[in-house]
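So you can see what is in the structure, the chains are spelled out below.
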Amino acid sequence: MMTKGKSYYLIPYYLWIALFVIAPVLLVVYYSLFDLEGKLTLNNYVNFFTPVYMRMMLNSFWYAFLITVFSLLVAYPAAYLLTRTKHKQLWLLLIILPTWINLLLKTYAFIGIFGTFGPVNNFFDLVGLGEQQILFTGFSFVFVSVYIFIPFMILPIFSALDEMNLSLVDAARDLGASGWTTFRRVVFPLTISGVRSGCMAVFIPALSLFMITRLIAGNRVITLGTAIEQHFLVTQDWGMGSTVAVFLIAIMALFMILTGGSRKGVRG
Amino acid sequence: MKNKRRVKNQNGIANIYLVLVFLVLYAPIFYLMYYSFNSGGTMHKFEGFTLDYYREVVADTRLMIIVINTLVIALLSSTIATIIAVIGALAIHHVRSRRAKNTLLSLNNVLIVSPDVIIGASFLILFTIVGIKLGFTSVLLSHVAFSIPIAVIMILPHLQDMSPTLTDAARDLGATRRDVLTKVILPIIKPGIFSGFFMALTYSLDDFAVTFFVTGNGYSTLSVEIYSRARQGVSLSINALSTLIFLFTILLVIGYYYLNQRKSRTPVQIAEPVAEAGVPR
């Protein structure tokens, strides 16, 4: 009824889709076909399949995988226990609150915490482990990333658990299932959609983090995100940067298709 | 008896686990705040209480300009983004064909699921090609661009929960299309518009990666500034600044929840069908 007649008012939104959603993707693909001198070439793609970039890609995937797994391991029990607390909405809000604090500030805090004279090293000294190099290692990168992502993993799992029908759990217990069996056969399958959206919310950003690697991992860890930033802002090789971006977009699209089932559950 | 004790024990372990998660989540934030008062100048040895770093922050004109920049960009971009998002939500809502609707929704969500680096890099290419100078305009445009989809997502459920009989009734009673929009639809989706605006605001205030790509020399927002300062090492004025930001954030959140509660109470009395449909929180 509203679409009939004049719908000029819809123009700004469609303009936004054309200019800021479709055009940027096309531009990235277009730029990936040019080398540093502005010549049309497929060299960037050839370069991408050399060991340097392949290793970087594997590295990036490995770290993103680790970050996702550890976030899930911490977040699932936390989300489960949260649904069983009395004022669960309040507690959930307290979990979300840290996400509203700038990511860079939280990352910056870890420079102090993991530093040579920081509290973690003090603790190590006390226990007799001696001083360790924690900052500028893969470990610190994974730890800080997991720390940043935990709330984003807890949130979808919490809502999945919260919507679950508790009588199913009671039924399983009445039928003689042990706690572990109930979890494995009833609770976990019922909340798999939450787990899936949580993993999506963590895995894709984890592939492209560059500020945490720069601040915490001191260029020891190079991810796809670091490579794109490096090419665009430091070496000014937009063509190669775009090529890496094209692969990241492709991976993302593949991921969305593979986990497509869960997107239907999202409201709206 | 034995069983009961086990349950109690499990509760104990459960509580310890939750407390631990909360501790880890909040420890870095309080760690930052604690050392912002350290006269020693480092983040590891507390020597004495001082407010010097707060004075430094307040006296730093460059930083104050950056804070103002950040606020101006956030308020302006989220206002523009919310207006376009209302239009977008109406557009998606009024598309009849299921396939067209899904396509439109997917296009809407592209920027939500895209990694920040890609958004930043592709916008950088876009602005360079179109010839927009990097600085205020490019930052504003990109913040508007990435805030629109999330605001649409916040508004859309309210439109879908709206009973179509309301607009039909308004039309039957002789309301023009404009009246239907301003007197019926907009008031009903107002809570969605507010949450959309708030989300856009927090997105804009928080964003680093996209802004980092599209700021030229001489223009900076708070997160870009924090990044460049943090790369130079520990400086307790960042701690002082983060304490102030933390307090501001808490005020913002409390304000938002207060507003939201009042907003959700009033429509209940005015428009009963909406209340029954269950306005999503």
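Residues numbered from 1 in each chain as written. Chains lettered and ligands numbered in written order. Predicted model: local features only at pLDDT ≥ 70, side-chain atom pairs only at ≥ 80, totals over all residues. Heavy atoms only, no water.

## Re the overall build of chain A
For clarity, the cut-off: In this text, helices come from DSSP runs of H or I with a minimum length of four residues, and strands from runs of E with a minimum of two, each type numbered from the N-terminal end. Think of it in three bands: residues with accessible area under 20% of the maximum for their type are buried, residues over 50% are exposed, and the middle band is partly exposed, with areas taken using a 1.4 Å probe on protein chains only. Contact criterion: two residues are considered in contact whenever any of their non-hydrogen atoms come within 4.5 Å of each other. Note that His is not counted, nor are the chain ends; the positive residues are Lys and Arg, and the negative ones are Asp and Glu. We put the charge of a Lys on NZ, of an Arg on CZ, of an Asp on CG and of a Glu on CD.
For chain A, the count of helices and strands is 14 helices and 0 strands. Element order for chain A, N to C, with α for helix and β for strand: α-α-α-α-α-α-α-α-α-α-α-α-α-α. Considered along the principal axes of its C-alpha atoms, chain A spans approximately 70 × 70 × 35 Å. Split into buried and exposed, the 268 residues of chain A put 50% on the buried side. Relative to all contacts within chain A whose residues are 6 or more apart in sequence, the contacts with residues 24 or more apart total 69%. Here chain A contributes 17 positively and 10 negatively charged side chains, and the mean placements of these two sets differ by 12 Å.

## Description of the overall build of chain B
Put simply, the test is: In these tables, accessible area is a Shrake-Rupley quantity obtained with a 1.4 Å probe, and a residue counts as shielded only by the protein chains included in the view.
A tally of regular secondary structure across chain B gives 12 helices and 0 strands. Going residue by residue from the N terminus, the α and β elements of chain B occur as α-α-α-α-α-α-α-α-α-α-α-α. The 281 residues of chain B split such that 49% are buried. In chain B, once contacts between residues fewer than 6 apart in sequence are set aside, the share between residues at least 24 apart is 67%. Carbon and sulfur atoms make up 63% of the accessible area of chain B, which totals about 14,200 Å².

## Structural notes on the nonpolar core
We apply this condition: Note on terminology: a nonpolar core comprises buried Ala, Val, Leu, Ile, Met, Phe, Trp, Tyr and Cys residues joined through side-chain atoms within 4.5 Å.
Counting 162 residues, the largest nonpolar core has A:Tyr13, A:Trp16, A:Ile228, B:Phe123 and B:Phe208 as the members making the most contacts within it. When residues no more than four places from it in sequence are discounted, the contact partners of B:Phe123 are A:Phe20, A:Pro24, B:Leu111, B:Ser142, B:Ala145, B:Val210 and B:Val214.

## Some details on the packing of helix H4 (residues 88-96) of chain A against helix H7 (residues 138-163) of chain A
Residues and elements named next belong to chain A. Put simply, the rule is: All axes are obtained by fitting lines to C-alpha atoms, using only the stretch in contact for helices, and the reported angles, taken between N-to-C directions, cover 0 to 180 degrees. Any angle that falls under 35 degrees is termed roughly parallel, while one over 145 is termed roughly antiparallel, one within 65 to 115 roughly perpendicular, and all others oblique. For any helix crossing, the convention is left-handed if the near helix is rotated counterclockwise from the far helix by under a right angle, and right-handed if that rotation is clockwise. Each residue receives one of three labels: charged for Asp, Glu, Lys and Arg, nonpolar for Ala, Val, Leu, Ile, Met, Phe, Trp, Tyr, Cys and Pro, and polar for the others, Gly being one of them.
Interaxial distance between H4 and H7 falls to 10 Å at its minimum, and their mutual angle equals 160°. On the basis of the axis angle, H4 is roughly antiparallel to H7. Crossing handedness for the pair H4 and H7: left-handed. Here H4 contributes Lys-88, Gln-89, Leu-92, Ile-95 and Ile-96 to the contact with H7, which in turn contributes Pro-151, Ile-154, Leu-155, Phe-158 and Asp-162. Among the residues making up the contact of H4 with H7, the classes are represented as 7 nonpolar, 1 polar and 2 charged.

## Comments concerning the interface of chain A and chain B
Threshold: Two parts lose some accessible area (1.4 Å probe) when they are put together, and adding that loss for both gives the buried area. Whenever a carboxyl oxygen of Asp or Glu lies within 4 Å of a side-chain nitrogen of Lys or Arg, that contact is scored as a salt bridge. A 3.5 Å cut-off defines polar contacts: any pair of N or O atoms within that distance qualifies, except that in protein one atom must be a possible hydrogen donor and the other a possible acceptor, and neighbouring residues in sequence count only when both atoms are side-chain atoms.
The interface is formed by 74 residues belonging to chain A together with 83 residues belonging to chain B. Buried surface at the junction of chain A and chain B, summed over both partners, amounts to about 7,100 Å²; 79% is from carbon and sulfur atoms. Of all residues in chain A, A:Tyr13, A:Trp100 and A:Tyr108 give up the largest surface area on contact with chain B, accounting jointly for 12% of the area buried on that side. Linking chain A with chain B are 0 salt bridges, by the criterion used here. At the boundary of chain A with chain B, the tally comes to 8 residue pairs in polar contact (both at pLDDT 80 or more). If you tally residues by element for the side of chain A that touches chain B, the top one is helix H1 (residues 11-31) of chain A, at 14 residues.

## Section: the pattern of salt bridges
Residues and elements named next belong to chain B. Counted by the stated rule, this structure contains 7 salt bridges over all chains. With a shortest N-O distance of 3.7 Å, Asp-179 and Lys-183 are connected by a salt bridge. Taken as a pair, Asp-179 and Lys-183 lie in helix H8 (residues 177-206) at a separation of 4 residues, close to a single helical turn. Taking relative accessible area as the criterion, Lys-183 reaches 61% and is therefore assigned exposed. The partner of Arg-229 in a salt bridge is Glu-225, and the shortest N-O contact between them spans 2.8 Å. Of this pair, Arg-229 and Glu-225 both sit in helix H10 (residues 222-231), 4 residues apart, roughly one helical turn. Residue class for Glu-225 comes out buried when judged on its relative accessible area of 5%.

## Some words on the confidence of the model for chain A
Residues and elements named next belong to chain A. Using the following cut-off: For every residue, the predictor states its confidence as a pLDDT score lying anywhere from 0 to 100.
The predicted model of chain A averages 85 in pLDDT, with 94% of residues at 70 or higher. For chain A, per-element mean pLDDT is lowest for helix H14 (residues 260-263), which scores 47, and highest for H1, which scores 94. Confidence drops under a pLDDT of 50 for residues 261-268, and excluding neighbours within four residues, the segment shows 11 contacts in the predicted structure.

## Observations concerning the packing of aromatic side chains
Inclusion rule: Only centres within 6.5 Å qualify two rings of Phe, Tyr or Trp (six-membered ring in Trp) as a pair; their planes then separate them into stacked at under 30 degrees, edge-to-face at over 60, and tilted for everything else. Here, a charge over a ring is recorded when the distance from Lys NZ or Arg CZ to the ring centre is within 6 Å and its angle to the ring normal is within 35 degrees.
Within this structure, the stated rule accounts for 46 aromatic pairs over all chains. The ring of A:Tyr80 carries the charged tip of A:Arg84 above its face, separated from the ring centre by 4.3 Å.

## As for the environment of B:Leu71
Residues and elements named next belong to chain B. Here Leu-71 is to be found in helix H3 (residues 61-94). Overall, the relative accessible area of 34% leaves Leu-71 in the partly exposed class. Sequence-wise, Leu-71 and Leu-205 are 134 residues apart; in three dimensions their C-alpha atoms are separated by 7.4 Å. Apart from residues lying up to four places away in sequence, Leu-71 is in contact with Leu-205 and Phe-248.

## Some words on unusual backbone geometry
All names here are of chain A. You will see that Phe-136, though not glycine, has its phi angle at about 65°, which is positive. Along the chain, Phe-136 falls in the loop between helix H6 (119-127) and H7. Its relative accessible area of 35% is what places Phe-136 among the partly exposed residues. Of note in this structure, Gln-236 is not a glycine but carries a positive phi near 60°. For Gln-236, the location among the structural elements is in the loop between helix H12 (224-234) and helix H13 (238-258). By relative accessible area, which is 47% here, Gln-236 ends up partly exposed.

## Brief notes about the confidence of the model for chain B
Residues and elements named next belong to chain B. Taken over all residues, the pLDDT of chain B has a mean of 84, while the share at 70 or more is 89%. Ignoring residues within four places in sequence, the model shows residues 266-281, a span with pLDDT below 50, making 12 contacts including any to other chains. Here the complex is predicted with pTM 0.85, and the ipTM for its interfaces comes to 0.85.

## Focus on the packing of H3(B) against H8(B)
All names here are of chain B. It is at 8 Å that the axes of H3 and H8 come closest, and there the two elements cross at 140°. Here H3 lies oblique to H8, going by the angle between them. Classified by chirality, the crossing of H8 by H3 is right-handed. Counted together, Thr-70, Leu-71, Ile-73, Ala-74, Leu-75, Ser-77, Ser-78, Thr-79, Thr-82, Val-86 and Leu-90 of H3 and Leu-181, Ile-185, Leu-186, Ile-189, Ile-193, Phe-197, Ala-200, Leu-201, Ser-204 and Leu-205 of H8 form the full contact between these two elements. Of the residues that constitute the contact of H3 with H8, the class distribution is 15 nonpolar, 6 polar and no charged.

## Details of a nonpolar patch on the surface
All names here are of chain A. Applicable threshold: Each patch groups residues whose relative accessible area exceeds 30% and which form no salt bridge, using 9 Å between like charges and 5 Å between nonpolar side chains of Val, Leu, Ile, Met, Phe, Trp and Tyr.
Taken together, the side chains of Trp-62, Phe-65, Val-69, Phe-70 and Leu-73 define a hydrophobic patch exposed on the protein surface, amounting to about 500 Å² of accessible area. Looking at the secondary structure, you find Leu-73 in helix H3 (residues 51-83). Given a relative accessible area of 54%, Leu-73 falls into the exposed group.

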